[in-house]
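Structural features, examined
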Amino acid sequence: MLNSESTLQLRRYSAQDAATILTWPQSIAEARWWAGPQTRWPLPLEVFQRWHADSDVQPYVLSSQNILLGYGELWVDAAEQEVELARLIVAPQHRGQGIGLALVRLLLDTARRTEYPRAFLRVFPDNHGAIACYLRAGFTPVSPAEQQTFNQGQPVTYHWMSYALD
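Each chain has its residues counted from 1, following the order in which its sequence is written. Owing to the predicted nature of the model, reporting of local features is limited to residues with pLDDT of at least 70; listing and counting of side-chain atom pairs is limited to 80 or more, with chain, interface and lining totals taken over all residues. As a rule here, side-chain values cover all heavy atoms of the structure and leave hydrogens and water aside.

A word on the nonpolar core. Counting residues in each nonpolar core, the largest one holds 31 residues, and the members touching the most others are Leu 74, Leu 85, Val 104, Leu 108, Tyr 134 and Phe 139. Only DSSP runs of H or I with at least four residues qualify as helices, and only runs of E with at least two residues qualify as strands; both kinds are numbered from the N terminus onward. Mapped by element, the contributors of at least two residues to this core are strand S2 (57–64), strand S3 (67–77), strand S4 (82–90), helix H4 (99–112), strand S5 (118–123), helix H5 (128–136) and strand S7 (159–164). For this core, the element with the highest residue contribution is H4, accounting for eight residues. The criterion used for residue contact is that any of the two residues' heavy atoms lie within 4.5 Å. For Leu 85, the residues in contact, after removing those within four places along its chain, are Glu 73, Leu 74, Val 104, Leu 107, Leu 108, Ala 119, Phe 120, Leu 121 and Phe 139. The definition of a nonpolar core used throughout is a set of buried Ala, Val, Leu, Ile, Met, Phe, Trp, Tyr and Cys residues joined through side-chain atoms within 4.5 Å. The buried label applies to any residue whose accessible area, calculated with a 1.4 Å probe on protein chains only, is under 20% of its type's maximum; exposed applies above 50%, and partly exposed to all values in between. One finds Leu 22, Trp 51, Val 61 and Ala 91 within the second-largest nonpolar core, a separate group that totals 17 residues.

Shown next as structure tokens:
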């Protein structure tokens with residue numbers, strides 16, 4: 001079965017994955033949930049080059065039997081000693097099958113290797129499916145004070161969540 005975690009593999013992103021992943025956002029709203037509020041749609045291929053130019057960004061893909069199922073990044077910030085899960089997306093034909101939850105769990109397993117105490121993520125408040133997935137994975141909303149601090153200077157008021165890695 002495709003959503004069985006035993007058949008799922010998390011591996012580093014390769015440039016050859018880009019063309020497939022860029023077809024996954026099905027609307028401008030989905031593209032913006034995934035890539036940010038200023039995103040054009042369809043997204044240009046060079047978006048990955050811009051994202052991955054930052055040495056703190058670690059991009060991954062989730063696959064099963066060489067079928068791409070999901071994409072996500074870890075942003076590892078040594079100065080802050082924290083990890084942020086970012087830019088998660090699941091192939092449209094595999095949504096609603098637990099793939100997103102598996103992707104989050106495998107990214108958290110990788111994040112634990114940093115030995116930092118917490119992982120964070122930000123999500124658009126109207127992306128209810130993603131929020132439900134993150135809650136199932138064990139994320140909890142940050143405190144109102146952290147929410148306010150984290151949203152300073154952001155282009156939108158995100159819903160911030162955290163996960164204890166220890």
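With that out of the way, let us pick up the sheet that holds strand S1 (residues 9–12). If you trace the seven strands from one edge of the open sheet to the other, you get S1-S2-S3-S4-S5-S7-S6, paired in mixed fashion. Each edge of the open sheet carries a strand with a single partner, namely S1 and strand S6 (140–141). Where S3 and S4 come together, seven bridges link them in antiparallel fashion. Residue pairing in the sheet places Glu 73 in a bridge with Ala 86 of S4. Angles here are taken between N-to-C directions and fall from 0 to 180 degrees, while the axes themselves are lines fitted to C-alpha atoms, restricted in helices to the stretch in contact. Sheet strands in contact with H4 are S1, S2, S3, S4, S5 and S7, and its direction is about 155 degrees off that of S4. Here, strands pair whenever DSSP counts at least two bridges between them.

In this section: the pattern of salt bridges. The term salt bridge refers to a pairing of a side-chain nitrogen on Lys or Arg with a carboxyl oxygen on Asp or Glu at a separation within 4 Å. All chains considered together, the criterion is met by six salt bridges. Here Glu 84 and Arg 122 are joined by a salt bridge, their closest N and O atoms 2.7 Å apart. Here Arg 122 lies in strand S5 and Glu 84 lies in strand S4, a separation of 38 residues in the sequence. Its relative accessible area of 9% is what places Glu 84 among the buried residues. Judged by relative accessible area, which is 25%, Arg 122 ranks as partly exposed.

Attention now moves to the packing of H4 against H5. Think of two packed helices as two axes; the pair is described by the angle between the axes and how far apart they sit. At a minimum axis separation of 9 Å, H4 and H5 run at an interaxial angle of 50 degrees. Classified by the angle their axes make, H4 and H5 are oblique. Of the two possible hands of crossing, H4 and H5 adopt the one that is right-handed. Contact residues: Gly 100, Leu 101, Val 104 and Arg 105 in H4; Cys 133, Tyr 134 and Arg 136 in H5. Across the contact of H4 with H5, the residue classes tally to four nonpolar, one polar and two charged. Comment on the angle field: the value is read as roughly parallel under 35 degrees, roughly antiparallel over 145, roughly perpendicular from 65 to 115, and oblique elsewhere. Helix crossings get a hand from a simple test, with the near helix turned counterclockwise from the far one by less than a right angle marking a left-handed crossing and a clockwise turn marking a right-handed one. Following the grouping adopted for this structure description, the nonpolar residues are Ala, Val, Leu, Ile, Met, Phe, Trp, Tyr, Cys and Pro, the charged ones are Asp, Glu, Lys and Arg, and the polar ones are all others, Gly among them.

Before going further, it helps to spend a moment on the packing of aromatic side chains. Any two aromatic rings considered together are summarised by their centre-to-centre distance and by the angle between their planes. For Phe, Tyr and Trp, rings pair up if their centres lie within 6.5 Å, where Trp contributes its six-membered ring, and each pair is then called stacked (planes under 30 degrees apart), edge-to-face (over 60) or tilted (otherwise). Following the criterion strictly, the structure yields 13 aromatic pairs and no others. Plain terms: the ring middles of Tyr 134 and Phe 139 are 6.1 Å apart, the flat faces sit at 65 degrees to each other, and that makes the pair edge-to-face. The class of Phe 139 is buried, set by a relative accessible area of 1%. By way of ring pairs, the aromatic residues Tyr 13, Trp 34, Phe 48, Trp 51 and Tyr 71 are connected into one cluster. Consider the ring centre and the ring normal. A charge sits over the ring if Lys NZ or Arg CZ is within 6 Å of that centre and within 35 degrees of that normal. The ring of Tyr 158 has Arg 122 lying over it, and the distance from NZ or CZ to the ring centre is 5.6 Å.

Bringing unusual backbone geometry into the picture now. Residue Pro 42 is reached from Trp 41 by a cis peptide bond, and omega for that bond is 0 degrees. By secondary structure assignment, the location of Pro 42 is in the loop between helix H2 (28–35) and helix H3 (47–52). Notably, Gln 65 is not glycine yet its phi reads approximately 50 degrees, a positive angle. Here Gln 65 is to be found in the loop between S2 and S3. Phi at Arg 87 is positive, roughly 50 degrees, even though this residue is not glycine.

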